[in-house]
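Summary of structural features
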Amino acid sequence: EIIKNSSITTRALTNGTLLGKVHINLPTIKEQSRIAEILMQWDKAIDLQEKLIKSYQNLKKYYLSKMFPKKGSLYPEIRFAGFTEPWNKCRFSDIFDYERPDEYIVSNEEYDDSYNTPVLTANKSFILGYSHETKTYNKPCIIFDDFTLDCKYVDFSFMVKSSSLKILTAKSDNNLRFCYERLANSNIDNLGHVRHYINVVQNVETTVPTSCEQEKIALFFEQIDNFILYNTKKLDKIIKQRKALQQYLLTGIVRV
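These lines cover the structure that appears in this document, whether it is placed above or below.

Criteria and thresholds
- Residues numbered from 1 in each chain as written.
- Predicted model: local features only at pLDDT ≥ 70, side-chain atom pairs only at ≥ 80, totals over all residues.
- Heavy atoms only, no water.
- Helix = DSSP H or I, 4+ residues; strand = E, 2+ residues; numbered from the N terminus.
- Buried < 20%, exposed > 50% of the residue type's maximum accessible area, 1.4 Å probe, protein only.
- Phe/Tyr/Trp six-rings, centres within 6.5 Å; stacked < 30°, edge-to-face > 60°.
- Polar contact = N/O pair within 3.5 Å; in protein donor to acceptor, adjacent residues only side chain to side chain.
- Disulfide = S-S within 2.5 Å.

**Let's talk about unusual backbone geometry**
Even without being a glycine, F126 presents a positive backbone phi close to 60°. Along the polypeptide, F126 turns up in the loop between β3 (117–120) and β4 (127–131). Residue F126 is classed as buried on the basis of its relative accessible area, which comes to 18%. With a phi angle near 50°, N187 is a residue other than glycine that sits in the positive phi range.

The following block contains the structure:
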């Protein structure tokens, strides 16, 4: 840890003769042990936080598999009390309207965190950066990548980088948050470099319950997602605190 956080250059680290001549300050063995104990406690906190997040991610996967009907069935295995009727057969074109994002594409890709407009993609990176441009899309929606089939639920104003996205909104009597989970977990085959939404996704058969049941399911998964997001932010904060504390302890700025 001390070597990692010293001012030794990469060249010095990779040259045994130079490394042997580097001088570093060390505390007593007793203080070294206390520093190690403190940092190990933070490592345990990080590990516990990661396990908590993983447990709720697994919990969501479990309920997704139980609260949506299996292929060929109109009844999920787990339902909220009071709902017994079969789900309705439909196609995704019956529950979604879509539009191209052309008018929301940024003209300048020089992003800066000081700007206010997030520029989105549907894949894992999600927020590519922030733009000074203001011609944003301003309604809750789903952004769907036509080539990868990735999708994200978005409830804030944004712009996009390219026209490879479709912007989806729910038709009347459908809950957008529910429709997002229905689409995101439908396991639609990727056919390669083709525009999937119009050619494939719209025609895929699915099932949906009444609007009232949709709302309950949507709220349930939204609460799980909010818990995961809260604890992910908390994990990031713990990691940053641990890094800062390590720097202070290993340089003697803070003593135990």
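**Quick notes on the packing of aromatic side chains**
In this description, a pair of aromatic rings is defined by centroid distance and the angle of the planes. Under the definition given, this model contains 16 aromatic pairs. Here the aromatic rings of F92 and F96 are separated by 6.1 Å at their centres, their planes lie at 20°, and the arrangement is stacked. Comparing F92 with F96 shows no difference in burial state: the two are buried.

**Focus: helix α5 (residues 176–184)**
Among the nine residues in α5, eight count as buried, and that is most of the element. Every buried residue belonging to α5 is among L176, R177, F178, C179, Y180, E181, R182 and L183, and all of these are buried. Regarding α5, its N-cap is N175, as a side-chain oxygen of that residue lies 2.9 Å from the backbone nitrogen of R177 further along.

**Some remarks on the state of the cysteines**
Overall, the coordinates contain zero disulfides when judged by the stated rule. Not part of a disulfide, C151 finds its nearest cysteine sulfur in C141, a span of 11 Å. The exposure class assigned to C151 is buried, which follows from its relative accessible area of 10%. Residue C212 stays outside any disulfide, its sulfur separated by 15 Å from that of C179, the closest cysteine.

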